[in-house]
Structures are given as C-alpha cells and as structure tokens.
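# Residue-level structural notes
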Amino acid sequence: MSESVVEFRKVSKSFGDLKANDEISFQVSRGSIHGIIGENGAGKSTAMKLLYGLYRPDADGGEIQVRGKKIDFRSPLDAIRFGIGMVHQHFMLAGPYSVLDNIILGAEPGSKLGPIDRNSARVKLKALSEKYGLSVPLDSPVEKLAVGVRQRVEILKALYRECEILILDEPTAVLTPPEVSNLLENLRKLKAEGKTILIITHKLKEVMSFADEVTVFRAGKVSGGLSIGDASLQKLADLMVGRSVRLTLDVPAREPEKNSVLEVKGISARRSGVSVLKSVSFSVFGGEIVGVAGVEGNGQSELLESLFHAAEAGVIDEGSVKILGENVASLSTAKILSLGVGYVPEDRHEQGLMLDRSVEDNFILGQQANYAWYGWLRKRWIRAGVARAMEAFDIRPRRIDLKIRGFSGGNQQKVIIAREFEKNPKCLVVAQPTRGVDVGAIEFIHGRILQARAEGVGVLLVSSELDEILQLSDRILVIYAGEIVAEFKRGEADENRIGGVMGGGSRGQR
Amino acid sequence: MNKMEQMDRTLKEPNLPNLNAPFSLREFIYGLLQPIIAVLLGLAFALLAVKFLGDSPLLVLKTLVKSSVGSREDFGMTLFYATPLIFTGLSVAIAFQAGLFNIGAEGQLMWGAMGAAMVGILGKNCPESVAPILGSLGAMIAGGIWGFIPGWLRARRGSHEVINTIMLNFIAVGVTSYLTLYHFKTTENQNPETGVVAPQFLFTKWTWFGDTPLNAAFILALLTAVLVWVLLWKTTLGYEIRAVGDNEEASRTVGIDSGKVRIIAMTLAGAVAGMVGINEVLGSAGKFKIGFSPEYGFIGIAVALLGRNRPLGVVFSAILFGALHKGTSALDLETEKVTRDFSQILQAMIILTVSATGFWEYVRRKTK
C-alpha cells in the first residue's frame, strides 16, 4: 500500500455523555478511493466533520495527521486552505445563482472592492471541467439543474479551491442508477489525477464496486479496516452490525388472494399546472406485495396523496380509488384509515411523528380515540399498548418518557411500524420504510412486511431503494414522470433493467 | 364495554415490562428555573436603568414589594389586576398549543365585555339565580365568535391568523365603541361608557378582600386554568389540538381534521379571552367603558410566554405581572424621577430575557 495521506490516531469526540467517536484510528492511502461505512449514528459523519474542521476533537482526543502534519482546524476555511474539500449530502448551493457564481462564492477572484473577475474564473473552470470530464453549464441557474449535475457543481467547487482530498457524504443517495455510474466514472478520473477521495455511505454494494479500501464504523469505534480485495458484502455487513446478518430474505411462494384490497383506476393529477400523475391504474390483492419503484419525485408523493386525501380539492383530477371495496372519493382521511388500512408515510419526521413528544404520544397518534373512553384519554390503556408494542417491535431503549427525537432513525421508524401494524390492517401502504434506517432494523422491518403478506394482507410498497423493491415485491411497477411505465413479476427483471426504465429509458412490458 | 374489558385484560398480561417514566427532578427544576432567572435578570436590568436615572434602586424595589403585597388590600389589588391577565394568558396559550399565534385577545376581550354588558342591560327582568351565569355566557360567546372568525379564515381560507387577529382588534374597537355611543350610551353622565347592567348580574355578593374590587371572577379564572389543563392534557380533543400544534402535516396524515381542530382551538381561545369581560363588567365596573383595557390582550402574550404556555405557569406569571402593575403604580409618589411607566420597562426586560431561548440552551449545555 502506498503512503498514507490522512491518518486518525486515537481520535475521540464527545457530545455531552455521548462518545460519538471513541479512539478512532485509521489511515487513508494517497490516491485511493476510501469507503467510510457504518450504520446511522456509528460516528462516520462525525469523523469526517473532524477532518473538515466542522468539529474539533476532545481536548485529550488524539490527533489527526494530514500529509504527515498534525492538523488543528478551527473552521472549514482552514481545511480548505489545507486542500480538503467536502460535498455534503444536502448540497450547499444558492438556487437562483448561476453555476459559476455558486462555485466562486466565498472565493471570488478580483480585488476586494472591485468587480468580480468572472472571466479568469471561467477560464480556470473550463480547464478543470475538461481535465476531469465534469461538464456543467456554467451560466444556468443551479435550481434548473438535475440533482446529478448539481453534485458535479459541488465537486467542481471543491476542485476550484484546489483540494487534494475530497470528502463525499452519501453521494449516491439522491441519484438515479445512470447518474450513479456517471459519478463513479468521474471519481475514477479524479483518482487517476492523484486526488484522494473519502466516501461516506451505507450502501455496501456500491462500496464493493468502487472503493479501494474500507473503514467500517460501529457504535463510535472503528470495527474494521480492510482493502477491498479482502472484503465481501457479508463481511462488511457483519462488521457494521456486530453480528451475523442475513442479507437475503427467504420469501416463500404465495398465490395472491382473489379479493383486491386496493384498486386504482386511471387517476391523473396536476400540481400548479404541471401534470404529476398520468392515468395511473393498478390493483393490489390480499397476500401480495406490489412494489412501486422509481426515483423520488416522479409522482410517488402525489400517488400516496390521492389514496388518502382523495376528498380534498385538487388532489385527483380524474379517475377513482377503491380501498377494501369502498370508493374513497368522498371519504375523510380518518374514515379511509379506519376501513382497515395501515399507512407508513414517506417522510417520518414530516408526516409520521411529533419529534418533541414522547413515544407514548406518538404511538397513539391517529388512534387517540381507541385509547379513550368517551373523549377521556386512558393512561393505563396507552401504557399497556405501548409496553406491548415496545416488546413486540423491539423498540430501544425501552423508555416511553423520552422524546422521539432522542431515538435512532431505525427505532423511530419502528414506532410508526408498530403503530400501523398493531391496527391489524387488511391493506398496508408502506412508503420508504427503511430510509435512513440501520441494517438491523431493515432486517426486522422487512420481516414484518413479509409476515403481513403471509397473513393475507395486501401491501403497496413505495420505495426508491431498488434492492428493497426487488427482494420484497411480488409485482413491480416502475413509475417515471407520473406514469407507470413498466410492470414486472418477481424474478422477471434485474437491477439494470429496472434502473434503466426508472431513468426514463426504454419502456418495459405493459 | 367491550373495548374496556379487552384493555383491562391486556393490563393483566404477566410479561409487560414496567415502563413508568421516572420522575426527573432535574427536568422539573430546569423548567422552573428558567422563568425565575428570567424575571430576576429582567428586574436587575431595569433597576440598573433606575440607577442611571439617579434614583435609588433599593427604594424602587422596596416600593414595588410594599405596594404589591404590603397589605391585604394591596395584595387584593394585585390579584384583581392578575385576573384579566390569567384569562388572556390562557387564551394565548390555548392557541399556541394548536400552533396558532393569537394576537387578537385584545379584540376578543372587548367583545367579551360588550357581550356581558349587553346581556346585563337588555336582561332587566332576568331572574337573580341565573343572571350571573347568563352574563358570563354572553361574554364567552361574544369573545368566542371573535376567535372563531380568524380560526375559520385560517383553516378554510388559509389566511394567516396573525394578520387577521390584528385587523379584528381594530374592528372590535370600532364596533364596540359604536355600540357604546349610539345604542347603550349612559344617560347619567358624559363619559364614553354604557349604562349600568341590572343589579342581579353583578358579583357583589362574592367580593371580599375589603375595599378592593377583587371578585369571584378571580376564582373563575383559577377554575378556568384547571379546566384548560384538563382539556389539553386529558382528553382526545386536547391531544388533537396539541398534535396539530406540534406537527400539522403528521396530524393530517393520520386523519386528524386539522382545520376543524384549529377552528375549535381558536374559538376556545376567544371565549377564554372574552371572560375578561366577566371580571370587568360583572365583577367590578358594572358597565362597558371605552378603552377600559390597558392592553390586557397584549400583556397576555408576555404572560403566556413567561408561563411557557402551561396553564399553571400562566396563573403564576399573571399574578407576577399583576404585582408589577400594582407595585409600579406607587412609584409616582415614592420616587423623584421614576414613574409608573417603569412597569413597561420591567415587562420589556422580562420578555427579552425569556425570549433569549438561545441563551437558555447555552446555559443548559454548559451546566450539564
């Protein structure tokens, strides 16, 4: 292995009582792509923020060396001067500004009081984008660009500041499969030019495909560091979770029942003049899982809206939705849900939980009337219900008084799953059930969804995680630009084929 | 009841873990400490201003204490001033729990007073046994309507309640003044006020504390605080109000009709603010006087803020603000330069220190 360019030596960082990083040690070789993997809260982002100067290590918390020198960054500015750049998961771009202006923001060429020398910046950027194959339209406003292009802008921003070490935080989370391969292409070029790249991710498959070496984080510690030749998916997963994990699911064959629990017929919808759903039709039968695959923002949210808020003005323009045999056109959300529907919404923070309230309060959300006697909340009933659910769904820590905010993403999601599954629904609508959830919880949640299927529940699964869709679904619908563009049965399609359709490529059979 | 039996059986299951929340003394003390320190800090800043003016801070402090709680009568006046502030503080707090900012308590309390006065003036032949109750209902209904309007506009038309409640305050001033001067004007003098309500409506039987105008409305205010607490924390309606206030989108997702809940919350807030009219018209003045409120509605916002939007907190902070109001009224006589307007500086300082939430979070982190 070549010389190391970044080295962590027993670095610790605490927040209050919590040791986010506990004597972290690892090395990154110069000119390599280095994967940083671990579950949420394992400390991988904290470590990278230490390197980028957003945090400083504890007083007696070891040292970080870059190019053999001990660093003491007070802010990211110091890190940038030292040749370190970072692309955050949520891009730091000013939407209405042009690409050029976004890139030079904070490092404008020209004298302090004089006009900005955009021309010299343009020349420099042209050269950079040719060298690394990062094509971006320098004069378009950033808000008009696709996500993948915005990411290139962020990378160029770092290169413009002459960074040698580039940190990318979950770079593939928002990209379509073609965009992902494009990104990897770019990163390989950067590597060939001698840049060192650190990628934070939780997607093991991607790490296996592009990284040269991997550091695995677990619970604030480094649980393993290996070069990719020695790694395997199973090995990485086990290191991440700390026990042996089952990566593939046993899905027993099952004939769907004859009764449809959900029937969508030709629904179309527009939002501020733009068509977002185009005559979408499908059915879900009892005992089957129907997956809706697609890159986020292709009409999934509007589809879910039209299932549960059909009676509200402007949600559906045309078409009808039947849930458990009832036409929901004129039913209130409460009435629809009480037909026997469980609903796990897409965004658990925005739509699923009250973050500053206890587990107890969140557990009865939407079912407060079932835990009340003539309008009076019954504390004893609620306590009993929560106690049972926390056992059955293994929600940790077992504390009902803590604010939901204090729980990990996986346990927050389990609270919602518990709430909706405990209703004994006949129809389940589950959207992005494992987003930002750790491997252990994913295993658990997938198990629960399959258990529901075995009990004859009809499940609609909306997810942008293709793996999840492929593993769980009996039928797969691909949604693109508000339209169902393809339908596959279990085993008919693989990742590449669906990925192509998701990005608006050739249409599948339908 | 079937559901009950089923639940009771669940409770008897042997393997349920004990999940009773441990009582956290630390949390409790922090909850109390913040407003107390805010008040002390505000007081310190205000007294510093006194020092710069050239008066003795010690004298000002002494006067404040003596004049607010120095005697039975003084304390009675303090509680009398606190009464409307409990109502308006509760009103702001109810709206806040539903995620709404009620700046309209001032207009609502004007309508409350007008409602009580109108019932009292028009209901001359009302039997003595029900008169105070009818008068009180008049206040609550009139205030409630003035809360319902911005609630409905927010829920069904999407126009923001802050704008609407401010506008409605002006309308309330205009319309109640018009009613006073053109329909219910007193014939006894030239003052801008209505005639006196029929005697059976007055709370004269339930006054105490000697000469002070403190009356049964104070007890009613305490009772209202308890009822508001029960409503918000013990009933499904209260749960829904607080859920909508915490996360409207999540409430909508699980099927809570957030529009309906907000209309109810705003109507309740208006009714509670309207109860100021009970203290003013039925409890003390006996009539509607134009401009009777020294901005109880706006001080109510500060009261709710200091009381952290909890009913019990509102009661204590209302009494504190009442004491400030009473205490500063004696400053004109006792000190050379400082006048009763000092109470406004004090209030402002307290509001500033309470509002400095970022600072509190900082203190909290540092002391952990």
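Cut-offs applied
- Throughout this description, residue numbers start from 1 for each chain and increase along the sequence as written.
- Labels are handed out in written order, letters beginning with A for the chains and numbers beginning with 1 for the ligands.
- Since the coordinates come from a predicted model, pLDDT governs what is reported: local features require at least 70, and pairs of side-chain atoms require 80 or more to be given and counted, while whole-chain, interface and lining totals use all residues.
- The helix and strand labels rest on DSSP assignments: H or I over at least four residues marks a helix, E over at least two residues marks a strand, and numbering proceeds from the N terminus.
- The globule rule is 2.2 Å times the number of residues to the power 0.38, and the radius of gyration it is compared with is taken over C-alpha atoms.
- Exposure is read from a count of other C-beta atoms within 10 Å of each residue's own; the residue is exposed at 12 or fewer, buried at 20 or more and partly exposed in between. C-beta atoms are placed from the backbone.
- Two residues qualify as a contact pair if the distance between their C-beta atoms, derived from the backbone, is within 7 Å.
- By definition, two strands form a pair when at least two bridges between them are found by DSSP.
- Three classes are used, and their members are as follows: Ala, Val, Leu, Ile, Met, Phe, Trp, Tyr, Cys and Pro are nonpolar, Asp, Glu, Lys and Arg are charged, and the others, Gly among them, are polar.
- Per-residue confidence from the predictor is reported as pLDDT, which spans 0 to 100.
- For the purposes of this description, domain bounds are those given by an automatic or database domain assignment.
- Working convention: axes come from line fits to C-alpha atoms, limited for helices to the stretch in contact. Angles between N-to-C directions cover 0 to 180 degrees.
- An angle below 35 degrees is treated as roughly parallel, one above 145 as roughly antiparallel, one from 65 to 115 as roughly perpendicular, and anything else as oblique.
- In a left-handed crossing the near helix is turned counterclockwise from the far helix by less than a right angle, and in a right-handed crossing that turn is clockwise.
- By definition, a nonpolar core groups buried Ala, Val, Leu, Ile, Met, Phe, Trp, Tyr and Cys residues that are joined through C-beta atoms within 7 Å.

What follows concerns the overall build of chain B. Scanning chain B from N- to C-terminus turns up 17 helices and 0 strands. Taking 2.2 N^0.38 as the reference for a compact globule, 368 residues should give roughly 21 Å; the C-alpha atoms of chain B span a radius of gyration of 23 Å, in line with that estimate. C-alpha extents for chain B along the principal axes are approximately 75 × 55 × 40 Å. Classification of the 368 residues of chain B by burial places 49% in the buried group. A separation threshold of at least 6 residues defines the contact pool for chain B, and within that pool the share at least 24 residues apart is 77%.

Turning our eyes to something else, we now look at the pairing of strand β16 (residues 341-344) of chain A. Successive side chains on a regular strand alternate, one facing one side of the sheet and the next facing the other. Residue and element names in this part refer to chain A. Of the two faces of β16, the one holding V341 and Y343 and the one holding G342 and V344 are both buried throughout. Alignment of β16 against strand β19 (residues 427-431), held across 4 bridges, turns out to be parallel. Directly across from Y343, in β19, lies its bridge partner V429.

Our focus in this paragraph is the interface of chain B and chain A. Each partner contributes residues to the interface: chain B has 26 residues there, and chain A has 33 residues. Counting residues per element, the ones that place at least two in the side of chain B that touches chain A are α1 (2-12), α9 (236-246) and α10 (248-253) of chain B. The greatest single-element share of the side of chain B that touches chain A, amounting to 6 residues, is contributed by α9 of chain B. Here the side of chain B that touches chain A is composed, by residue class, of 13 nonpolar, 6 polar and 7 charged.

On average, residues of chain A score 86 in pLDDT, and 98% of them are at 70 or above. At the low end of the mean pLDDT range in chain A sits helix α17 (residues 495-502) of chain A, at 80; at the high end sits β19 of chain A, at 95.

In this section: the domain arrangement of chain A. Residue and element names in this part refer to chain A. What the domain assignment reports for chain A is domain 1 (4-241) and domain 2 (260-340 + 425-502). For domain 1 versus domain 2, the distance between C-alpha centres works out to 35 Å. Each partner contributes residues to the interface: domain 1 has 7 residues there, and domain 2 has 7 residues. For the side of domain 1 that touches domain 2, the element with the most residues is helix α8 (residues 233-241), which contributes 3 residues. Here the residues of the side of domain 1 that touches domain 2 sort into 4 nonpolar, 2 polar and 1 charged.

Residue and element names in this part refer to chain A. With antiparallel pairing, 4 strands are arranged side by side in an open sheet as β2-β1-β4-β5. Of all strands in the sheet, those bounded by a partner on one side alone are β2 (18-29) and β5 (69-70). Across 8 bridges, the pairing between strand β1 (residues 4-15) and β2 is antiparallel. Looking at β2, one finds that F15 is bridged to L18. Packed onto the sheet, helix α1 (residues 44-51) meets β1, β2 and β4 (63-66) and runs at close to 115° relative to β1.

With that settled, consider the packing of helix α5 (residues 105-122) of chain B against helix α13 (residues 296-306) of chain B. Residue and element names in this part refer to chain B. Relative to each other, α5 and α13 sit at 130°, their axes nearing to 7 Å. In terms of orientation, α5 lies oblique with respect to α13. α5 and α13 meet at a crossing whose hand is right-handed. Residues A105, E106 and L109 of α5 lie in contact with α13, whose contacting residues are Y296, G297, F298 and G300. A class-by-class count of the residues in the contact of α5 with α13 yields 4 nonpolar, 2 polar and 1 charged.

V429, L461 and V478 of chain A together with I86, A113 and A265 of chain B are the most contacted members of the largest nonpolar core, which totals 251 residues. For this core, the element with the most residues is helix α4 (residues 72-97) of chain B, which contributes 13 residues. Here this core gathers at least three residues from each of two domains, domain 1 (4-241) and domain 2 (260-340 + 425-502) of chain A. Excluding residues within four positions of it along the chain, I86 of chain B makes contact with A221, A225, V314, V315 and A318 of chain B.

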